[in-house]
Amino acid sequence: MTNERIAWGWGLASIDAAGTTLDVWYPQAALGAAPAEADRPAHGFDAVAYNEPDERGVRRVPVFTVSHLDEPITDAADAYLRLHLLSMRLAKPNTLNLDGIFAKLNNVVWTNYGPFAVEDFAQRRLDVMAAARHAAPGMPHADVNVLSIDKFPCMVDYVVPTGVRIGDADRVRLGAYLSEGTTVMHAGFVNFNAGTLGVSMVEGRVSQGVVVGNGSDIGGGASIMGTLSGGGKLRNSIGEHSLLGANAGIGISLGDNCVVEAGLYVTAGTKVTIYDKAKVAAGEPLDVVKGADLSGKDNILFIRNSVNGRIEARYRKTGIELNAKLHKN
């Protein structure tokens, strides 16, 4: 008897001329022990044509991957399977071992023709354009448009989740977890291993490792401090029915029914005054704490007092309510 968590996926890998895996698309993935070889879905990927390189110098190769989810990532195929599991909603953020993912993924030139290797991109680009002219003589040649140079591709090129709206698909990476009812506006961004756990509005930035609870709103230009590039190991989150106002930011977690006013940034070291009406009436001094002391607490309104400039935490009885019609996706 074992508690080991396993997942499997049948996919199609893009392999460049040097034998490097550029990406893997898994149209089918599942949790649990892998089926016997005779019972594995093929999806027609065993066709000979898939193994021949195209003008990009890329071969499409069928792969069947088994991932031991509590162990470090072993290779690019394993990394892509775990990212698919997140975007397919088969695993929630922060529940998979993603150790070593950056080392296993390769930098790729992502284009409207699919992934290219970085090293010989200029020549391969010319080959693709020449092939397009040959296929349609007299027609304008099809340009190869570079969308990004990155280790992570756009989510919707691999997984299209139901019940969501995404204004700019390039701003949601593969590995994002978007629950039904989520709306990501054009300026919104959701990183891998991050996302929403219910009906949510995302107009700001949801960094790696961050989760947003049901009924919450990340305002335009707002930011939630993540754990990458020196961000530390503490994973911040936002509870239910909370609002991070426009151009606001947090380096702490918000509990349920919280609001951070527009333009205010609260970090773990921010000095916050606890506003107490009874103490104010009695002329008593108010308590001052660090932002970290309020991390994850419910029913707090964070504001900057426009008279004295101090940051205050005030009690808020109820949370926000999103527009139900807007999120009926």
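Described below are features of the structure shown in this document. Every chain is numbered independently, its residues counted from 1 as its sequence is written. Per-residue local features of the predicted model are confined to residues with pLDDT of at least 70, and side-chain atom pairs are confined, for both listing and counting, to 80 or more; whole-chain, interface and lining totals are unaffected and use all residues. Excluding hydrogens and water, the side-chain figures rest on all heavy atoms present in the structure.

1. Structural notes on the overall build of the chain
Segments assigned H or I by DSSP are reported as helices when at least four residues long, segments assigned E as strands when at least two residues long, and all are numbered from the N terminus. Of the regular secondary structure elements, the chain holds four helices and 25 strands. Dimensions along the principal axes, computed over C-alpha positions, put the chain at roughly 85 × 60 × 40 Å. For each residue, the accessible area found with a 1.4 Å probe, counting protein chains only, is set against the maximum for its type, and the residue is called buried under 20%, exposed over 50%, and partly exposed in between. Taking all 329 residues of the chain together, 46% fall into the buried category. Using a 1.4 Å probe, the Shrake-Rupley method yields the accessible areas, and only the shown protein chains count as cover for residues. Counting every atom, the chain has about 15900 Å² of accessible surface; 52% of that belongs to carbon and sulfur. His is not counted, nor are the chain ends; Lys and Arg add positive charge and Asp and Glu add negative charge. Where a charge lies is defined by one atom per residue type, namely NZ (Lys), CZ (Arg), CG (Asp) and CD (Glu). In the chain, 31 side chains carry a positive charge and 35 a negative one; their mean positions are 7 Å apart.

2. So, a nonpolar patch on the surface
Together, V118, V146 and I149 line one region of the surface with nonpolar side chains, adding up to about 230 Å² of accessible area. Considering the arrangement of structural elements, one finds V146 in strand β6 (residues 146-150). The residues that make up patches have over 30% relative accessible area and no salt bridge, and they are joined within 9 Å when like-charged or within 5 Å when they are Val, Leu, Ile, Met, Phe, Trp or Tyr. A pair is scored as a salt bridge if a Lys or Arg side-chain nitrogen falls within 4 Å of a carboxyl oxygen belonging to Asp or Glu.

3. Considerations on the side chain of N97
On the secondary structure map, N97 appears in the loop between α1 (76-87) and α2 (101-104). At 3.0 Å, the side chain of N97 forms a polar contact with the backbone oxygen of D70. Two N or O atoms count as a polar contact when they lie within 3.5 Å, although within protein this holds only if one can serve as hydrogen donor and the other as acceptor, and sequence-adjacent residues are included solely when both atoms are side-chain atoms. Within the structure, the side chain of N97 is placed 2.9 Å from the backbone nitrogen of D99, a separation counted as a polar contact. If we skip the residues at most four places from it in the chain, N97 touches L69, D70, E71, P72, I73 and R82. Throughout, a residue-residue contact means that at least one pair of heavy atoms, one from each residue, lies within 4.5 Å.

4. Regarding the sheet that holds strand β3 (residues 59-68)
Read across the open sheet, the three strands follow the order β2-β1-β3; overall the sheet is antiparallel. A single partner strand is all that each edge strand has here, and the edge strands are β2 (21-31) and β3. On average, adjacent strands in this sheet sit at an angle of 25 degrees to one another, irrespective of strand direction. Strand direction decides the pairing type here: strand β1 (residues 6-15) and β2, joined by eight bridges, are antiparallel. Following the sheet pairing, W8 is matched in β2 by A30. Of the strands in this sheet, β1, β2 and β3 are in contact with α1, which crosses β2 at around 50 degrees. By the convention used here, strands pair only if DSSP detects at least 2 bridges between them. Fitting a line to C-alpha atoms yields each axis, with helices limited to the stretch in contact; the angle taken between N-to-C directions then spans 0 to 180 degrees.

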